[in-house]
Structure formats: structure tokens, C-alpha cells
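This is what each chain is made of:
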Amino acid sequence: MEQPLLNRSEIVVLQPSSLKESLKLLNENPDAEIIANASDLWPRIRNGEVKPKKLLDISGLAGELSYVKKDENLIKIGALVTVSQLEGESILKEKRFSGFKDVIAKFGSPQIRNVATIGGNVCAASSSEDFIPLLLAFNAKVKLSSVDGERYVNLEKFIIGKRKINRRPNEILTEISFEDPGEGYSSAFEKIGRRNTLIINIVNMAVVGKVKDGKIEDVRIAANRIKGKIPERAKNTEEFLKGKALNEETIAGAKKVLSEEVSLTDDFRASAEYRKALLLAMLERLLFKLRGEQ
Amino acid sequence: MAQMLVKLNVNGIEREVLVDPDDRLLDVLRDEFGYKSVKEGCGTGDCGLCTVLMDGKPVLSCVIPAFQAKNHKITTLEGLNNDPLMKKIQEQFRAHQAAQCGFCTPAMEIIGWHLLSRKKGASKQEIKEAISGTLCRCTGYYDIIDAIYDAGRPE
């Protein structure tokens, strides 16, 4: 079905085959829109929401940027790792990374998972990007590469608004990394939408933490729409929970802190009130998951 | 920029085609190659009806730019017509009357084929997960699930 569009066929497509070449091309064409496997951006270009004059297609860099590895104590994920590839990674099969399994199971559809990349998910920075809360809870950093070199930015500082990221025009996000929290930690993610597959969340939440002898030694919580329209950490709730025994009383207290910390809004997907009820129930379920209960 | 010359490998046939930068793989498969089993439902990556195999994996041809399909092997239902497993799946679709309007049938059969070719005797739960991103507005899915399930069982 053709829709009325503006000179879409005039787009200039740049298809480099190495990172070095990509960085040089991007430096010369800072107005180019970067595409990996395009599953998020392509429909938006087709319907005219995004009107790029130039596209820098980095899918040819899959050989360079499709790694998942552990380097010292850092887990490093190349920007072009697809969701399906992540699913098969042995490093992430450890219990403390089970939040990844949770995100993957609810991510898009099987067909989308075969092309969507983790770098693309982070750079799209929209409410459908379910990896962001989990990566925030892992305290992830992004690596931005350009002809000038590399810089690392905390994911928290990288995502600055809905579809707004802290990327300079000549930079490409090449890697996402976070510290392996180590034995004893666990992670979990939940998402609720109108149906199970291919749905944008009403709310989602990710938790990374360590519970030892019934006590919460450490916890990091991130969820969509804590304050604005992007995923953020629930730091007051984290502070409240740290050091406390994981029991009904603590959870009741945490729910109170979280409900004061969030400022949810109504939209066409759900009311603020419903969102809040879901978020509080999720907090309880995810905290119990940290303790190893389902 | 004018048209781009892209070498595509579809159903084992290599061909160079001229594409516009905004052409989708879907457009090229239907209009250049004539593979009409590939259907456009939503055109936004939500319905699964344009599913084809890229390097053996199910993908949505409506969200893949045609220029990105180079260096990949694309397979549509037409390319599996003589495959014994696909014949079995199609027999079961007929036996279960798993097609009504037929618009989702090529996508469902390709996904069933992909699942069963990796895992003979897939469970109904696995079939449900495999087709979870592909919509059917007629059958209520049960006949489709049963057809794929029976095609995966020993004769």
C-alpha cells in the first residue's frame, strides 16, 4: 500500500563494510540516520514520520559488532547482537542474568527477534524498548565510537527523553557493557501489555539484586515511566530496601515509597491508576523472585 | 539517489535487481520475482503475514529494506514447494481445513516448516510460540496448530 511520501526514493544509502569506514562516512555525513537491521526505523521512514536524506546502513558490520564476551569483570555486548543471538549466549544463561531471558521471551515476535539488535533497541529509546530497564538495573554503559575516539556514557545519562539520546552526530553506539555483579545476585524482568506478543508495555520493571539469609544486601530497580515517558531507576525505593529483611512488612513499605516516587500519566494504553496498581504488584513479584520464589 | 543495483539470492536463484532506496524486500519479492505467496498485511511489522526465511530464519519482509537483503539467502513458500516436509504440512492444512481466507497460510506454513525442520514433533506450546507473531483472522488458530502438530508426528 503506497502512502503519500516526500521524495523517499531520493534517500542516499551509504553501506560501509567496516567500522572504520562507517565512522569516516558518518563524520563526513553527520546528518545521516544510522540503521542496523531497521525493524524499528523502517516502518517510520515508510510512513513519513522520519524523513532522512541519508542512511548509514551498518548491518554490514555484523562481523565486527556481534560479540558477547566477558572481559575481566565486564560483560560486553556488541551493538549488532540480535535478540535471538542473545537468547543462545551461554554467558547469559547464569541465574544472575535470568532477566535477559525474561526480556527476550516478551520481545516483539519471533520474526522481529531474528533481526532486532540490542544497540538498536537502546538507540530507539522509545517506550517499546524493553531492554532499557534491565540494562539500567545492571548499571550499563554505552560505548560511543567516532573518528575522534571512544567515550563511555552511563545508560542513565544516554537516554534523555522519549526517542532522544545523548549521541553526537558523528558517533555510533558500538557496545553495551556492565559489570558482572557476581555470584549470589539474581535478576528478573516483567512486562504487562494488552497481549503477550508484539505489544508495547503498559508497564515494565526490571530488578537486579542480592538477597542473602533473608536480607536484601543490594538492589537496583528500573521501570518505564517512573517520572517521564522513559525508563528510569527507582532510587528512593532502592535506598529504602537496602539492608532490610525481605518480608511482607518491607515490601509494604517499599510499595509506599515507590508510589510516592512515581508520577504516572494516563494515555491511550492505560490510566495512571491502573499503571500504578500493576507497578506495585510487579515490585512485589520481582522482589520475591530475587529470593528465588516464583 | 537513483536506483540501486542489488544482487539477491531468492529460492536459490541469484539475480541482480534495481531497487529504490525505499523498497522493501516484500516489494521486490512480489513485484520483481513474482512470488505472490508473500503477503502484505499491516506493512508495519505487526502481523507476520510477509514472513520469509532469511538465512534460514523467519523474518518480516515488510520491515527489511530491499538493499539490506544482499548477501543473504531468501526463501519464500515457492522455494519449498517440492520439499517433503512442506508437502506434509500442506496435506495437514488441508486435512484440518486450517485455511479459510488463506491470506495467512503461506506465513503459517513457512513458520511451521522452520519449527518442524529444527524440531520434529514440536509440542503444541512450541507451535503456539512459533506462530505467536503471525495473525489469522479466520480460523481461531486451533486448526493451524493442529495441522502443524500432526505434520510433525511420525506417520
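Predicted model only: the values in this text are computed from it and were never measured.

Calculation rules
Residues numbered from 1 in each chain as written. Chains lettered and ligands numbered in written order. Predicted model: local features only at pLDDT ≥ 70, side-chain atom pairs only at ≥ 80, totals over all residues. Helix = DSSP H or I, 4+ residues; strand = E, 2+ residues; numbered from the N terminus. Rg over C-alpha atoms; globule rule 2.2 N^0.38 Å. Core = buried A, V, L, I, M, F, W, Y, C linked by C-beta atoms within 7 Å. Buried ≥ 20, exposed ≤ 12 C-beta atoms within 10 Å, placed from the backbone. Contact = placed C-beta atoms within 7 Å. Nonpolar A, V, L, I, M, F, W, Y, C, P; charged D, E, K, R; others polar. Pairing = 2+ DSSP bridges. Axes fitted to C-alpha atoms, helices over the stretch in contact; angles between N-to-C directions. Arc of directions from axis to C-beta. Domains from an automatic or database assignment. Left-handed = near helix turned anticlockwise from the far one by under 90°. pLDDT = per-residue confidence, 0-100.

Asker: Tell me about the overall build of chain B, residues and numbers included.
Answerer: For chain B, the count of helices and strands is 5 helices and 5 strands. Helices and strands in chain B line up, N terminus first, as β-β-α-β-β-β-α-α-α-α. Against the compact-globule benchmark of 15 Å for 155 residues, chain B has a radius of gyration of 16 Å, which places it among compact chains. Based on the C-alpha atoms only, the size of chain B along its principal axes is roughly 50 × 30 × 20 Å.

Asker: How would you sum up the nonpolar core? Please name residues and give values.
Answerer: Ranked by size, the top nonpolar core spans 134 residues in total, and within it Val122, Leu134, Leu135, Ala137, Met205 and Val207 of chain A carry the most contacts. If we skip the residues at most four places from it in the chain, Val207 of chain A touches Ala137, Ser187, Ala188, Val219, Ile221, Leu286, Leu287 and Leu290 of chain A.

Asker: Help me get a handle on the interface of chain A and chain B, residues and values and all.
Answerer: Opposite the 23 residues of chain A that make contact, chain B presents 24 residues. Of all the secondary-structure elements, those providing two or more residues to the side of chain A that touches chain B are β1 (12-14), α2 (41-46) and α6 (110-113) of chain A. Per-class residue counts for the side of chain A that touches chain B are 11 nonpolar, 8 polar and 4 charged.

Asker: Account for the sheet that holds strand β1 (residues 4-10) of chain B, naming residues and giving values.
Answerer: The pairing of strands in a sheet comes from backbone hydrogen bonds and takes either a parallel or an antiparallel form. Residues and elements named next belong to chain B. The strand order β2-β1-β5-β3-β4 describes an open sheet built from 5 strands, whose pairing is mixed. Each edge of the sheet is formed by a strand with only one pairing partner; in this case those strands are β2 (13-19) and β4 (57-60). With strand direction ignored, the average angle separating the axes of adjacent strands in the sheet is 45°. Pairing between strand β3 (residues 51-54) and β4: 4 bridges, direction antiparallel. Paired with Met54 across the two strands is Lys57, which belongs to β4. Packing of helix α1 (residues 25-32) onto the sheet brings it into contact with β1, β2 and β3, and relative to β2 it is tilted by some 110°.

Asker: Outline the environment of Lys164 of chain A, listing residues and values.
Answerer: Residue and element names in this part refer to chain A. As for its placement among the helices and strands, Lys164 is situated in strand β9 (residues 164-165). Judged by C-beta crowding, with 12 C-beta atoms within 10 Å, Lys164 ranks as exposed. For the pair Lys164 and Phe288, spaced 124 residues apart in sequence, the C-alpha to C-alpha distance is 34 Å.

Asker: Report on helix α1 (residues 19-28) of chain A, specifying residues and quantitative values.
Answerer: Residues and elements named next belong to chain A. Every buried residue of α1 is accounted for by Ser22, Leu23 and Leu26. For α1, the arc enclosing every buried residue in end-on projection is 95°, short of the 170-degree limit, so these residues lie on one face. Buried residues along α1 sit in contact with β3 (54-57), β6 (141-146) and β10 (172-179).

Asker: How would you sum up the domain arrangement of chain A? Please name residues and give values.
Answerer: Per the domain assignment, the segments making up chain A are domain 1 (8-59), domain 2 (67-179) and domain 3 (185-290). Just the C-alpha atoms count here: the centres of domain 1 of chain A and domain 3 of chain A sit 36 Å apart.

Asker: Could you give an account of the packing of helix α3 (residues 105-118) of chain B against helix α5 (residues 142-151) of chain B, with specific residues and numbers?
Answerer: Residues and elements named next belong to chain B. Where α3 contacts α5, the axes come no closer than 10 Å and their chain directions differ by 35°. The handedness of the crossing between α3 and α5 comes out as right-handed. The residues of α5 that touch α3, namely those facing Met108, Gly112 and Leu116, are Ile144, Ile148 and Ala151. Here the residues of the contact of α3 with α5 are counted per class, giving 5 nonpolar, 1 polar and no charged.

Asker: Run through the domain arrangement of chain B, naming residues and quoting values.
Answerer: Accessible area lost upon the coming together of the parts is a frequently used measure of interface size. Residue and element names in this part refer to chain B. Under the domain assignment, chain B is made up of domain 1 (4-77) and domain 2 (82-151). Inter-centroid distance (C-alpha atoms) of domain 1 to domain 2 is 21 Å. Counting residues at the interface gives 12 residues for domain 1 and 11 residues for domain 2. Split by residue class, the side of domain 1 that touches domain 2 holds 7 nonpolar, 4 polar and 1 charged.

Asker: Please give an account of the confidence of the model for chain B that cites residues and values.
Answerer: The predicted model of chain B averages 95 in pLDDT, with 99% of residues at 70 or higher. Quick note on the complex model: pTM equals 0.93, ipTM equals 0.95.

Asker: Describe the confidence of the model for chain A, and please don't skip the residues or the numbers.
Answerer: Taken as a whole, chain A shows an average pLDDT of 91; of its residues, 96% reach a score of 70 or greater. The model gives residues 1-5 of chain A a pLDDT under 50, and that stretch makes 5 contacts with residues more than four places away or in other chains.

Asker: Go over the environment of Asp27 of chain B, please, and point to the residues and values.
Answerer: Structurally, Asp27 of chain B can be placed in helix α1. Sequence separation between Asp27 of chain B and Ser61 of chain B is 34 residues, and the spatial gap between their C-alpha atoms is 8.4 Å.

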